[in-house]
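Coordinates in review
Chain by chain, the residues run as shown.
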Amino acid sequence: MTDENEIKSDKVTSYGWKALAGSTVGYAMDGFDLLILGFMLSAISADLGLTKGEAGSLVTWTLIGAVFGGIIFGALSDQYGRIRVLTWTIVLFAVFTGLCAFAQGYWDLLIYRTIAGVGLGGEFGIGMALAAEAWPASKRARASSYVALGWQTGVLAAALLTPLLLPYIGWRGMFIVGVLPAFAAWFIRNKLHEPEVFVKSTAKKLPILESFRLLVKDKATAKISAGIVILCSVQNFGYYGIMIWMPGFLSDKLGFNLTKSSLWTAVTVLGMMTGIWVFGHLADKIGRKPSFLIFQVGAVIMVLVYSQLSDPNIMLWSGALMGLFVNGMLGGYGALISEAYQTKARATAQNVLFNIGRGVGGFGPVVVGALAMAYSFQFAIALLAAIYVIDIIATIFLVPELKGTQLK
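The paragraphs below set out a description of the structure included in this document. Worth saying up front: this structure is predicted, and the values here are computed from it rather than measured.

In terms of nonpolar packing, the biggest core is built from 117 residues, with I44, F175, I228, Y341 and Y388 touching the most fellow members. Apart from the residues lying within four places of it in its own chain, the contact partners of F175 are L37, M40, I44, T97, C100, A101, L109 and R113.

In structure tokens form, the structure reads like this:
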């Protein structure tokens, strides 16, 4: 078992690094899977004769499955263990992602994608809880940011590999490639045990519904939960609103080919990765709350600036700076949520609160698309700045400073 005194000190143990690696690879699997699906929709539609609505529903139902899986697996993780339940999610994801490669039509592919999404959904919260419990308080935010970097690494890999591999192995082959990170995550986790703080907290188990009640156990906790839901909703709304539509806009309006659209995605994601890394280190230095406020103000400014750009080359590279602020905040949610809730409800809180935000964020592409059709894409992006103002208000009035909190 990990020595509890080592966790309380500034030292990161070998267990802490292994726990971080397992969590990060798992979250990279999520990002890789979702983005290759987006890049493959045209090829899948052509091969299986799907309508645009059917093709789009593959993404929608993957996210619906992820929300459902996140909520269920988070609660199960608080009952039965981080490592055990993460292994369940990996097996579920790997099996049904592999089956996608053999789909013969819309309905069986939809079922496979939805169930794969259920497995995928547990990764974020359980991985964040595991990393937070394995790292010392003084470095907890950067540990959470490293897990968040896993998603962006997966997205970046998908953006770079899909244009290279898709013409040769097709969409079915890409689904097989998508299973490979699952094996890597399983291999790493197979060598881990449960964190010491989790083992101690579960000496007396609570009814599974109790972990949900702990998120609103009193007025102060309910206030924090409301604030975190707003932050996570804004995060996902802005992320999906921009990332889903921007490649298509660059292609249709500015003439970007698949390679150049992928380059825009890669450059923007590199900016996001830089922001996440900076956020984690900054939050450990000056605190969670001021770090969120700095990035939220930066997001307002950069989204407004970006909406006024029209030169394709400037848009290509300035996307990195916008991404830094818009998505850099992802580096702070894991630490903030871990510190706000006790161990018996930590993974539940991570997955429930973030997935509520993911559910709200699912409307981002719909709203941005509707505004773009009614007005312009630039107008739709500019309007996104308003949601980050809401973020600022929620941070000031609902979110406490929890830097240095010892987990219980």
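Moving on, there is more to tell.
Quick look at the environment of E210 now. Its place among the elements puts E210 in helix α9 (residues 208–213). The partly exposed category is assigned to E210, whose relative accessible area is 24%.

Attention now moves to the pattern of salt bridges. Side-chain pairs of opposite charge can arise whenever the charged atoms involved come near each other. Counting across every chain of the model gives 10 salt bridges. Residues R346 and E133 are paired through a salt bridge, measuring 2.8 Å at the closest nitrogen-oxygen approach. Here R346 is found in helix α15 (residues 346–361), whereas its partner E133 is found in helix α6 (residues 123–134), with 213 residues between them in sequence. We note that R346, like E133, is buried. The closest approach of N and O atoms between R213 and E210, which form a salt bridge, is 3.2 Å. Of this pair, R213 and E210 both sit in helix α9, separated by 3 residues, roughly a single helical turn. Here the residues in one salt-bridge network are R140, R142, D284, R288 and E339, joined through shared partners.

Attention shifts here to the environment of V91. Tracing the chain through its elements places V91 in helix α4 (residues 82–100). Owing to a relative accessible area of 44%, V91 belongs among the partly exposed residues under this scheme. The spatial distance from the C-alpha of V91 to the C-alpha of W186 is 8.3 Å, given a sequence separation of 95 residues.

So, on to the side chain of D391. Within the fold, D391 resides in helix α17 (residues 377–398). One buried charged side chain, D391, makes no salt bridge at all; its nearest oppositely charged neighbour is K289, positioned 12 Å away. Within the structure, D391 has its side chain in polar contact with the side chain of Q296 (distance 3.5 Å). The contact partners of D391, leaving out residues within four places of it in the chain, are I230, L231, V234, Q296 and M329.

With that settled, consider the side chain of N351. Assignment of secondary structure puts N351 in helix α15. With a relative accessible area of 0%, N351 lands in the buried category. Among the polar contacts listed, one links the side chain of N351 to the backbone oxygen of G70, at a separation of 2.9 Å. Discounting residues that sit within four places of it in the chain, N351 has contacts with G70, I71, F73, G74, G121, G122, F124, G125 and I126.

Thresholds, definitions, all that
Residues numbered from 1 in each chain as written. Predicted model: local features only at pLDDT ≥ 70, side-chain atom pairs only at ≥ 80, totals over all residues. Heavy atoms only, no water. Core = buried A, V, L, I, M, F, W, Y, C linked by side-chain atoms within 4.5 Å. Buried < 20%, exposed > 50% of the residue type's maximum accessible area, 1.4 Å probe, protein only. Contact = heavy atoms within 4.5 Å. Helix = DSSP H or I, 4+ residues; strand = E, 2+ residues; numbered from the N terminus. Salt bridge = Lys/Arg side-chain N within 4 Å of Asp/Glu carboxyl O. Lys, Arg positive; Asp, Glu negative; His and termini not counted. Polar contact = N/O pair within 3.5 Å; in protein donor to acceptor, adjacent residues only side chain to side chain.

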